[in-house]
Amino acid sequence: MSKIMIGIPKALLYYKYGNLWITFFEELGCEIIVSPNTSKKILEDGIKYSMDEACMAMKIYMGHIYYLIDKCDYILVPRLKCVKKHEKLCTNFSALYDLVSNVFDTNLIHYNIDVDHKEDEFYAFTTMGLSLGFSYRKIVSAYRLAKQKEKLLKEREISKQKVLIASSTKIKILLAGHPYNLHDEFIGKQIEKILEENNIDIIYSDRYDDKYLEEEVKVISKKNYWTFNKEIMAAISHYQDVVDGIILITSFPCGPDSLSNEMILRNVKIPITNLIIDEGNSDTGLLTRIESFIDILEERRKNHE
Amino acid sequence: MNKEKVISFPHLGDYHIPFKFLLTKLTNYKVIEAPPITKKTIELGSKYSPDFVCVPFKYNLGNFIETLENGANVLMQAGGGCRYGYYPEVQEKILKDLGYHFELLTLSDNDSITIKSIYHTFKKIDKRIPLYKMVYYSLLTILMIRYMDNIDHYIRLNIGFEVEKNSFIHLKKEMLTSFSTCKGYFSLTKRYLKYKKKFRNLAINKPDNCLKVGIIGELYTSMEPFSSYFLEKELASMNIEIKRFTNVSYLLYQKRLQRRKNLRYINQYCKYTIGADGIDNVYRAKYLIDQGYDGIIHIKPFGCTPEIGAIPIIRKVCQDGKMPIIYFSFDSQTSETGIKTRLEAFYDMLKIKKG
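## Things to note about the pattern of salt bridges
All names here are of chain B. Within this structure, the stated rule accounts for 27 salt bridges over all chains. A salt bridge links D331 to K58; the nearest nitrogen and oxygen atoms lie 3.6 Å apart. Placement of the pair is D331 in the loop between β8 (325-330) and α14 (336-354) and K58 in helix α3 (residues 55-69), with a sequence separation of 273 residues. We note a salt bridge from K172 to D152, for which the minimum N-O separation is 3.0 Å.

## A look at the interface of chain A and chain B
At the junction of the two partners, chain A supplies 40 residues and chain B supplies 40 residues. When the buried surface of chain A facing chain B is broken down by residue, E53(A), N102(A) and L259(A) rank first, second and third, together holding 19% of it. Here chain A is connected to chain B by two salt bridges. In this structure, K300(B) engages E53(A) in a salt bridge whose closest nitrogen and oxygen atoms are separated by 2.8 Å. Counting every contact that joins chain A to chain B gives 19 residue pairs in polar contact (both at pLDDT 80 or more). The set of elements that each furnish at least two residues to the side of chain A that touches chain B consists of β4 (79-82), α4 (91-103) and α11 (255-267) of chain A. For the side of chain A that touches chain B, the element with the highest residue contribution is α4(A), accounting for 10 residues. Residue composition of the side of chain A that touches chain B, by class: 16 nonpolar, 15 polar and nine charged.

## Notes on the packing of helix α5 (residues 121-131) of chain A against helix α6 (residues 136-167) of chain A
All names here are of chain A. Where α5 meets α6, the closest approach of the two axes is 10 Å, and the angle between their N-to-C directions is 135°. Judged by the angle between their axes, α5 and α6 are oblique. For α5 against α6, the interelement crossing comes out right-handed. Counted together, E121, F122, F125, T126, G129 and L130 of α5 and Y136, I139, V140, Y143 and K147 of α6 form the full contact between these two elements. Looking at side-chain class alone, the contact of α5 with α6 contains seven nonpolar, two polar and two charged residues.

Parameters and conventions
Residues numbered from 1 in each chain as written. Chains lettered and ligands numbered in written order. Predicted model: local features only at pLDDT ≥ 70, side-chain atom pairs only at ≥ 80, totals over all residues. Heavy atoms only, no water. Salt bridge = Lys/Arg side-chain N within 4 Å of Asp/Glu carboxyl O. Helix = DSSP H or I, 4+ residues; strand = E, 2+ residues; numbered from the N terminus. Contact = heavy atoms within 4.5 Å. Buried area = accessible area lost by both parts, 1.4 Å probe. Polar contact = N/O pair within 3.5 Å; in protein donor to acceptor, adjacent residues only side chain to side chain. Nonpolar A, V, L, I, M, F, W, Y, C, P; charged D, E, K, R; others polar. Axes fitted to C-alpha atoms, helices over the stretch in contact; angles between N-to-C directions. Parallel < 35°, antiparallel > 145°, perpendicular 65-115°, else oblique. Left-handed = near helix turned anticlockwise from the far one by under 90°.

Given below as structure tokens:
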């Protein structure tokens, strides 16, 4: 019997759960195909297959799905309604599964997390494994291993960042935003490149230890209920004492961000700029804004010395 | 110094009447209505709102600013659902930064409106409100909303065919003032029956094969006529029978009861719920096709996330059922002429299709 081929689009939640998924399917003995970094072609395909008002990250996601069609047996499209009790996610994540299955004609794996209705991550992984025909024991051991590896990789990244913060004397900028915006070739990577050229150390908001998340969120917002936005807020309030400035990255027109950003911008005490990226963005405009922001930070540092 | 408390709330269609009724009966605060929505309201609201927030936020904020100028110092906001649940905190922050002094109360707790959260809100207003009184007037208000929605339903079916111009609107105004002075269940029901009879007696000239159109979409733009640029009025002037699903009684209780049934009805398209009214709208699209309607109008504010998730599915449903559908996306800058032109073109198409 040939191996099952699973396609994982490298967009949206891949940047959060990618390691977990890949290890899980590798342990089960599936073949995995991960779509390449976002290219111009992928973005254009995505725009063709999505609504004009959908956010940039969603359009990119649809492009990745289009790339994977006919290249694999199943595509992993997660449906996440709620990952923490009494909290919510952007409704795009709960619509994702049905949206993709209606737009494209392809096989999808059922992967559903809804903690409020007693369907947690472990349950999602077992139903997913069972639907592919693996034994329960194999699934559990693969899930445990994947979880361990995910934790290890995350801790490594966080400790690397800690070392960087402690040792660096250069100007440090916190790149804050959803992981799928920060690490995407067309959204975050552009900004990263400009910052690196200007000799600046970058701190990422998704490399953050969420041990004191609840207390740290309260500094910025008391009633926010979007899990991913709370992580950004907590990371900002955690790092705002050690960095020189914050760049807040948003893809246009993100629903939860439109309100959360307002709270962040009004409550943060250090220089902060909000870059809103959409598919018609000009590189020069971005460059000018970032460079002038860096100038402000440099001036500020001089004055403090 | 203990200042007199003046309470106010944002507008939503005609529902300010039952809500004001509830607040005056339950609390000893002075209740004022926000000034009616005008162009100025939305200008004020957009000025202080985040850039790409959805339009209801801007309307609500505009209402708040205008009512604060009129002397309100306690504001009420509902909350719950999608982004709407996070409105109160951001609006409070924006208004406080503008220098207003007030207290903001929310009906929702965390992210959903429950009986418990409403109870706690009213306890916050006044600890001495007895429970029986709260239950009595809440149910009375819900009944009033239900009666209003029933009448509205009848109006929507027939307003396009009225013989005497504006007769429906005048009678509705009369009914609402009469409702707002009712004393209890008996007097409310008596008034409802009286006006129901009056509405049935209004002369209409309705052909058998008139055009029938269903309005689906996001709740605020459906219920607040100003935000949809009086779309329903426009449709009525074209002699079209209108069916609209969203109203407050739907949101209050029908939605919860129907969720499972709706999901079963559309199980060939959807497996999961989408959030807010997403799944309901897919259901409605299918329902309208099965009922033999002539067209669907989908309305939403710009950037409404649940609807953006639902639209590709609705599009598929309509393609399968060969149903004409038009999408409107409203923002604070939408041009009224553009909407009219598109609507007229849609009307012409429906007419030709019907033959």
